[in-house]
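Overview (structure and organization)
Each chain is listed here by its residues.
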Amino acid sequence: MSATTEPAAAVAAPSPVVRQKSSTWRHIRYVLSENPVTLFAAVLFLCFAAMAIFGPAVAPYDPLASDTIRALEGPSRAHWFGTDQLGRDILSRVIVAARIDLGIAVASVALVFAAGGLAGLAAGFFGGWVDAVVGRIADTIMAFPLFVLAMGIVAALGNTIPNIVLATAIINFPLYARVARAETITRREAGFVDAARLSGHRDGVLLLTQVLPNIMPIMVVQMSLTMGYAILNAAGLSFIGLGVRPPTAEWGIMVAEGASFIVSGEWWIALFPGATLMLAVFCFNLLGDGLRDIVDPRRRT
Amino acid sequence: MRAVLMRLAGAVPTIFGVVVVTFLLTRVLPGDTATYFAGPAATAESIAQIKASLGLDQPLPVQFWRYLVALGHGDLGMSLTTGQPVLKELVTRLPASAELTLCGLFLAIGIALPLGVLAAVRQGSIIDHACRIISTAGVSLPVFFTGLLLVYVFYFVLGWAPAPLGRLDTFATPPRPLTGAFLIDSLAIGDFETFRATASQLALPAITLALFALAPIARITRASMLAVLGSEFIRTARASGLSGPKVVVTYALRNALLPVVTVLGMVFSFLLGANVLVEKVFAWPGIGSFAVEALIASDFAPVQGFVLTMAILYVLLNLGIDLLNRAIDPRARRAA
């Protein structure tokens, strides 16, 4: 779509740079209006971001305050999502948990973006032994079932939140390194890289100022696509008792706590945090698909 | 045949890498293993003694060699919580996990393949939309949550499924162990009562796993069928007057299967991880729940043994997938 409009716009416009920017916006608007699902995901994302930022301020109750007289009450006007076995308000806990769940995911994705992205960039650009080493590390990580490896890492390094972040980043490393490497290889010999090289820039500078900005869009899509997986992974780890510990409000733990009440019919304890978790992951997956359509329409499946 | 052997040899460095990583995981244990073993009342002397007896005072390469030798003897250490050798625990629990995972996988393939094919053949139809919704929603589902939902609906509300408490009712006797998979064992001795009981216990966890594995398989089947259906040999086949089903099944599907089989590797990675969560939800006595129990008790040897076993299983599965690829696609045979 943009490929056909852009050259014409560049010829007509007095200032091509400004013109191109507005055409990107137009393209985004076009994609959003064509694909209401992406718009829905974007709105949902804003809701989750607001929950994470303002969580404690908007939660109607203290997420840790227990009120044993009102324990295990179903959804009501006072407690929209009901109360758990200690009488804590589930809605408040679900809201407050957004910060920790999304925080873990954002931190791990940022970490793997930096580490995996740079490793892939270097591997693709320099080739040779750098490529071999990065490839071997990625292969070794991929040889494990990823969730199992994350379990092992957290168990070995210690049961803390930073280690959950690290483990989630490590299992995503191969994905980022591979995407960055493949994208770098296709641009390594590009004209603009050669031009910059001929004007005397060193390799490191070339990599960061010429190649990196050009693979950024693809990497951002990758980040959005893996956010959902990172959330799932962290929640899964805390569901089995790793990482975040009770009484902290966290979606995975809340589902784990509600699990024992499911068989006796108290569905709301597990359902609401679980459904919120699902919605968050769903939101990021849709958003990732939508971003990919904007950045790289050919990869649509 | 030689190519197959070459491929087998190619798995050796991967397995070596896996062993190195699992070894390193034990050496970064939080705190000091020796201090942990010695207990709170230990003196510096007794800690040093335990260190020496565990070989922890040796240089890393020596420790690694000892680890390899122990592995060679099938020694994965002892479980502190059960007091049994880890290998024995894993071997007795593996059939339960394998039965569950494979049932989930076959169920997923059985649903996802026809779904993907139909979605591609009738592009834009209701089936196509259903396929798209399932494949996007499926990857968003936390398995532990879907499992609980199924328990609530089918056990608590409808009462169709038995309580989510393991492989068989507490009062039922498991069939004589033959393969360890209760479904096969009970059929082998013609005990249909046990077979039915096993199947009803297995149904919910297997469906949970299948729901999870369905999405990537359906998605890739649809995409790859679409690509194949648009190619020229399909047009030729249609133009030659072959019937629709014949074109779709014998011509298109066979060619579309290759990416599907390749994606199975990724599906297995997800499944083996999801298996741990599902086993916890359904109190399934497999290696996943064993590892989770050990993790909570800070009993590290079983966790390490579990990670190693899963990784080696996964490497072998990928090997199997590669060989299957070869069987399906003659080009893969020649490329090697």
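See above for the structure.
Since the structure is predicted, the reported quantities are computational estimates derived from the model, not experimental observations.

Residues and elements named next belong to chain A. In the structure shown here, the tally under the stated rule is nine salt bridges over all chains. In this structure, R93 and E257 form a salt bridge, with 4.0 Å as the shortest nitrogen-oxygen distance. Of this pair, R93 sits in helix 4 (residues 90-126) while E257 sits in helix 10 (residues 251-262), and the two are 164 residues apart along the sequence. Of the two residues, R93 and E257, neither departs from the other in class, the shared state being buried. Taken together, the shared-partner salt bridges connect R88, R93 and E257 into one network.

To continue, consider the packing of helix 6 (residues 146-157) of chain A against helix 9 (residues 203-239) of chain A. Residues and elements named next belong to chain A. Direction vectors running N to C along helix 6 and helix 9 enclose 55°, while the axes themselves pass 11 Å from each other. Accordingly, the angle class assigned to the pair helix 6 and helix 9 is oblique. Handedness of the crossing formed by helix 6 with helix 9: right-handed. Contacts between helix 6 and helix 9 involve L146, F147, A150, M151 and V154 from the first element and Y229, N233, G236 and L237 from the second.

Turning our attention to the packing of helix 4 of chain A against helix 7 (residues 161-188) of chain A. Residue and element names in this part refer to chain A. The interhelical angle for the contact between helix 4 and helix 7, taken along N-to-C directions, is 35°, at an axis separation of 5 Å. Along this stretch, helix 4 crosses helix 7, giving a crossing that reads as right-handed. For the contact of helix 4 with helix 7, the residue count by class is 22 nonpolar, eight polar and two charged.

A few words now on a nonpolar patch on the surface. Residue and element names in this part refer to chain B. On the surface, V153, F156, V157, L158 and W160 cluster together to form a nonpolar patch covering roughly 500 Å² of accessible area. Mapping L158 onto the fold places it in the loop between helix 7 (143-157) and helix 8 (182-188). Residue L158 is classed as partly exposed on the basis of its relative accessible area of 39%.

Time to look at the interface of chain B and chain A. Contact residues are listed per partner, giving 47 residues for chain B and 44 residues for chain A. Across the interface of chain B and chain A, roughly 3,700 Å² is buried in total on both sides, 81% from carbon and sulfur atoms. On the chain B side of the interface with chain A, the three residues burying the most area are F144, F145 and L148 of chain B, jointly 16% of the side's total. Seen at the junction of chain B and chain A, the total is zero salt bridges. Counting across the chain B and chain A interface gives two residue pairs in polar contact (both at pLDDT 80 or more). Broken down by secondary-structure element, the contributors of at least two residues to the side of chain B that touches chain A are helix 1 (2-27), helix 6 (126-140), helix 7, helix 9 (192-229), helix 11 (244-281), helix 12 (287-296) and helix 13 (300-328) of chain B. Among the residues making up the side of chain B that touches chain A, the classes are represented as 38 nonpolar, six polar and three charged.

Calculation notes
Residues numbered from 1 in each chain as written. Chains lettered and ligands numbered in written order. Predicted model: local features only at pLDDT ≥ 70, side-chain atom pairs only at ≥ 80, totals over all residues. Heavy atoms only, no water. Salt bridge = Lys/Arg side-chain N within 4 Å of Asp/Glu carboxyl O. Helix = DSSP H or I, 4+ residues; strand = E, 2+ residues; numbered from the N terminus. Buried < 20%, exposed > 50% of the residue type's maximum accessible area, 1.4 Å probe, protein only. Axes fitted to C-alpha atoms, helices over the stretch in contact; angles between N-to-C directions. Parallel < 35°, antiparallel > 145°, perpendicular 65-115°, else oblique. Left-handed = near helix turned anticlockwise from the far one by under 90°. Contact = heavy atoms within 4.5 Å. Nonpolar A, V, L, I, M, F, W, Y, C, P; charged D, E, K, R; others polar. Patch = residues over 30% accessible without salt bridge, like charges linked within 9 Å, V, L, I, M, F, W, Y side chains within 5 Å. Areas by Shrake-Rupley, 256 points an atom, 1.4 Å probe, with all protein chains shown as cover. Buried area = accessible area lost by both parts, 1.4 Å probe. Polar contact = N/O pair within 3.5 Å; in protein donor to acceptor, adjacent residues only side chain to side chain.

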